[in-house]
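What follows is each chain in one-letter form.
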Amino acid sequence: MNWQIIDQSLPIFAKAFQLTCWLSLVGIIGSIIVGIISSLIQYFKVPILSQIFTAYVELARNTPLLIQLFFLYYAFPVLGLKMSAETCGIIGLIFLGGAYMAEGFTGGFNGVNTSQINSGKALGMNDLQLAHYVVFPQGFALSMPALAANIIFLIKETSIFSVIAIPELTNTALDLIGMYYRSNEYLFVLVVAYAIIMIPVILILSYLEKRVRYGSFGN
Amino acid sequence: MAEEILKVEHLNQFYGDWQALHDINFTLNRGEVLTLLGPSGSGKSTLLRCLNGLENYKSGTIYFEGKKVDPTEKNWQNIRQKIGMVFQSYDLFPNLTVMENILLAPRKVQKRSEVDVKQEATKLLKRVGLEKYVNAYPRELSGGQKQRIAIVRALAMHPEIMLFDEVTASLDPEMVRGILKIMSDLSEKDHMTMIIVTHEMSFAAKIADQVLFLEDGKILEDTPGKEFFTKPKTKRAQEFLDSMNF
Amino acid sequence: MAHSAINVFLEGNNISRIIGGLWTSVWIAAVSLVLGLALGTILGVLRTLPNKVIRFVLRLYLEFFRIVPTIVLLYLAYYILPRTFHVNWPASWMAVLAFTLWVAAEFSDIVRGAIESVPKSQRESGLALGLNKMQLFRYVLLPQAAKLELPATINLATRVIKTTSLLMMISIMDVVAVGQQIIEANNQQYPNAVFWVYGLIFILYFIIDYPLSAWSKRLTAKHSR
């Protein structure tokens with residue numbers, strides 16, 4: 001391990017680090033928005049739309065991000081739709097992540113105890129009131145573990161952006177390895193860079209998960 | 001003559017091929033207490049849940065306050081505001097405080113004013129001895145306290161009938177007495193119409209104006225309360241009372 | 001001719017090449033899963049034992065794989081083994097190694113969680129019958145845990161299958177790499193081939209993964225009822 005080589009590469013990695021963080025943030029926020037919209041449409045069984053969103057969720061969840069990105073980046077231009085690599089990356093990540101988030105929220109809504117729903121019904125609540133006061137608050141709390149897992153997953157999925165030459169962390173490390181043939185050093189920096197992002201994220205998420213769980217269910 | 005508040009005619013319920021309720025018929029007068037008795041699995045809870053539409057019964061007719069109930073979900077939502085229910089597992093909303101639990105339905109479903117409902121809730125809480133706990137969360141309460149809050153939550157809707165589904169079954173014995181006392185008071189002082197599923201025989205004997213004895217989803221006996229516990233009409237009911245050491 | 005681009009599949013032996021590439025992806029996924037589940041079971045059991053050192057080391061192992069993206073794991077195996085440790089396996093076995101260690105890490109956590117959620121009374125009644133530790137795991141805890149962990153295991157399998165799409169990154173001729181070659185070779189004649197080839201690969205992955213995730217979903221739904 002040559003520390004000088006590592007030292008020299010740090011400014012380049014710093015830029016890539018920022019890009020990975022930025023792409024992750026946009027991807028996660030976009031995914032949560034798409035996920036909420038999609039799970040609400042599925043919950044209320046909005047005619048036609050709910051079938052469309054169910055199909056979307058299944059398609060996006062059950063295919064690899066890499067192929068989705070290849071489609072956006074290489075196949076769409078043939079149809080006349082040309083987008084920058086970063087745009088493709090973000091759209092692809094939100095397409096995938098939105099489906100995962102939708103599954104997570106739907107799982108939470110379905111996980112709400114039937115006895116809780118009955119108890120709301122026994123108080124005369126209509127479907128909208130039941131959703132607003134019983135199913136959603138408890139369902140979102142129940143979906144926190146899935147939300148946390150999805151956030152961690154999506155950050156790691158940005159590494160696949162390297163296949164369409166977005167200069168995020170993994171792509172940068174591969175470029176450097178290709179140019180200088182120093183795999184140990186650059187892979188080391190790469191792993192450390194992911195650790196610097198992931199460890200705080202994992203810690204914060206598990207803290208939030210406990211807080212929300214306790215706030216909603218008391219254990 | 002007493003006013004008829006609830007009438008059930010030819011009610012049947014199936015789960016798949018299995019018939020859970022067979023041709024249930026009975027009537028209940030305002031201000032009276034009906035107790036459903038019978039071995040576990042006899043259909044008592046199922047019947048109770050049909051009465052506020054939590055179960056979609058297969059066939060039969062329910063009349064509430066003289067009017068035939070149109071069994072659509074929409075219609076049941078209105079009727080449930082007048083039929084309170086308390087469950088075995090309390091089912092307070094864990095994400096809301098005691099006061100929020102009580103206010104939720106009167107405010108949001110019945111659209112009553114916050115000041116009114118709060119005043120009434122405070123009075124009811126005082127009555128069950130829990131006025132100190134207005135801002136507590138359900139997780140901070142014992143089982144018996146939760147169940148008292150659940151009763152208050154149902155009463156705050158001003159129900160015409162209260163349904164109690166084995167409300168003492170998951171409580172420690174020392175908690176049971178307090179809940180039963182509240183229920184007796186409701187009957188004696190407020191003349192609340194109540195339908196009770198319970199295994200507390202001496203309580204049932206004291207409070208019941210009318211007893212339905214069920215087995216395998218059928219009503220074997222529909223008898224005035226005092227009579228059922230002293231000289232039941234059927235052998236099965238006698239055996240049941242013996243088995244409960246009554 | 002846009003409408004005839006689908007004919008790219010009829011050129012030469014393109015279809016059989018795609019199937020060959022798919023086979024590479026499938027066997028790597030299958031072998032990695034079998035080895036990874038076996039190793040993961042052992043690690044998962046070890047993580048329920050009271051020994052703090054073992055638990056700490058295994059926890060670090062798990063966290064490493066939670067932090068590092070799979071694509072980076074592949075490169076770690078691909079570059080570091082030959083260059084630093086002079087292990088010169090074919091790339092596909094490097095991939096199996098990386099995937100196995102990843103699956104083992106994730107599965108160890110699934111196994112630990114499942115064992116811990118078997119009711120304590122089960123453990124006690126097993127011990128009361130005179131079972132030793134090994135027998136307790138073998139006959140009481142693991143069979144009950146297996147039922148609990150099935151949905152999560154199927155989900156893990158679908159993720160491994162999807163992740164095989166990364167194999168081409170370390171020069172393995174998987175289905176994606178074959179697809180790329182076909183697109184390049186036929187670019188002149190069929191400029192739209194890129195659409196059809198990636199479309200086919202997209203559908204192939206969906207056909208394999210969808211039934212698995214539907215199965216897992218059904219099991220979860222049954223469980224929560």
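Residues numbered from 1 in each chain as written. Chains lettered and ligands numbered in written order. Predicted model: local features only at pLDDT ≥ 70, side-chain atom pairs only at ≥ 80, totals over all residues. Heavy atoms only, no water.

**Q** Whenever I open this one, the overall build of chain B confuses me. Can you help?
**A** Helix and strand content of chain B: 9 helices and 10 strands. The C-alpha radius of gyration of chain B comes to 18 Å, within 12% of the 18 Å expected for a compact globule of 246 residues. For chain B, the spread of C-alpha atoms along the three principal axes comes to 50 × 40 × 40 Å. By sequence separation, contacts in chain B at least 24 residues apart represent 67% of the contacts at least 6 residues apart. (Helix = DSSP H or I, 4+ residues; strand = E, 2+ residues; numbered from the N terminus. Rg over C-alpha atoms; globule rule 2.2 N^0.38 Å. Contact = heavy atoms within 4.5 Å.)

**Q** Just checking my understanding: could you explain the UniProt feature "domain: ABC transmembrane type-1" (unreviewed entry) in chain A for this structure?
**A** Mapped onto the present numbering, the UniProt feature "domain: ABC transmembrane type-1" (unreviewed entry) falls at residues 17-209 of chain A. The span residues 17-209 of chain A is 81% helical and 0% strand by assignment, and the distance between its end C-alpha atoms comes to 26 Å. (UniProt positions renumbered as here; feature names shortened; annotations may be inferred.)

**Q** Can you help me understand the interface of chain C and chain A in this one?
**A** Quoted interface sizes are often the accessible area lost when the parts come together. With 37 residues of chain C at the interface, the matching set in chain A holds 37 residues. For the chain C and chain A pair, buried surface summed over both sides reaches about 3,500 Å², with 74% attributable to carbon and sulfur atoms. Per-residue buried area on chain C facing chain A is highest for C:Ile67, C:Phe195 and C:Phe202; these three make up 19% of the total on that side. Applying the counting criterion to the chain C and chain A interface returns 2 salt bridges. Notably, a salt bridge pairs A:Glu103 with C:Lys217, separated by 3.5 Å at the nearest N-O pair. Connecting chain C to chain A are 10 residue pairs in polar contact (both at pLDDT 80 or more). With 12 residues, helix H8 (residues 193-224) of chain C is the largest single contributor of residues to the side of chain C that touches chain A. (Buried area = accessible area lost by both parts, 1.4 Å probe. Salt bridge = Lys/Arg side-chain N within 4 Å of Asp/Glu carboxyl O. Polar contact = N/O pair within 3.5 Å; in protein donor to acceptor, adjacent residues only side chain to side chain.)

**Q** I'm lost on the packing of helix H9 (residues 183-217) of chain A against helix H2 (residues 52-67) of chain C in this one. Help?
**A** One can describe the packing of H9(A) onto H2(C) by two numbers: an axis separation of 9 Å at closest approach and a directional angle of 105 degrees. Judged by the inter-axis angle, H9(A) sits roughly perpendicular to H2(C). Across the interface between the two elements, A:Val191, A:Tyr194, A:Ala195, A:Met198, A:Ile199 and A:Ile202 from H9(A) touch C:Glu63, C:Phe64, C:Arg66 and C:Ile67 from H2(C). Of the residues that constitute the contact of H9(A) with H2(C), the class distribution is 8 nonpolar, no polar and 2 charged. (Axes fitted to C-alpha atoms, helices over the stretch in contact; angles between N-to-C directions. Parallel < 35°, antiparallel > 145°, perpendicular 65-115°, else oblique. Nonpolar A, V, L, I, M, F, W, Y, C, P; charged D, E, K, R; others polar.)

**Q** Would you explain the UniProt feature "domain: ABC transporter" (unreviewed entry) in chain B in this entry?
**A** Mapped onto this numbering, the UniProt entry annotates "domain: ABC transporter" (unreviewed entry) at residues 6-241 of chain B. For residues 6-241 of chain B, the end-to-end C-alpha separation is 27 Å, with 39% helix and 26% strand making up the annotated structure.

**Q** How should I be thinking about the UniProt feature "transmembrane region" (unreviewed entry) in chain A in this particular structure?
**A** Residues and elements named next belong to chain A. UniProt's feature table lists "transmembrane region" (unreviewed entry) at residues 21-44, 64-81, 88-110, 130-153, 160-181 and 187-208, given in the numbering used throughout. Between the end C-alpha atoms of residues 21-44 there is a gap of 34 Å, over a span that is 96% helix and 0% strand. Spanning residues 187-208, this segment combines 100% helix with 0% strand, and its end C-alpha atoms are found 31 Å apart.

**Q** Quick question: what am I supposed to make of the pattern of salt bridges here?
**A** If the charged atoms of two oppositely charged side chains come close together, the side chains can form a pair. What the rule picks out here adds up to 27 salt bridges over all chains. Here A:Arg61 ties to A:Glu103 by a salt bridge, and the two come within 3.7 Å at their closest N and O atoms. Highlighted residues: A:Arg61 in helix H2 (residues 49-61) and A:Glu103 in helix H4 (residues 85-111), separated in sequence by 42 residues. As far as the burial class goes, A:Arg61 and A:Glu103 line up, both buried. Several salt bridges share partner residues, and in doing so they unite B:Glu3, B:Arg30, B:Glu65, B:Lys82 and B:Glu160 into one network. (Buried < 20%, exposed > 50% of the residue type's maximum accessible area, 1.4 Å probe, protein only.)

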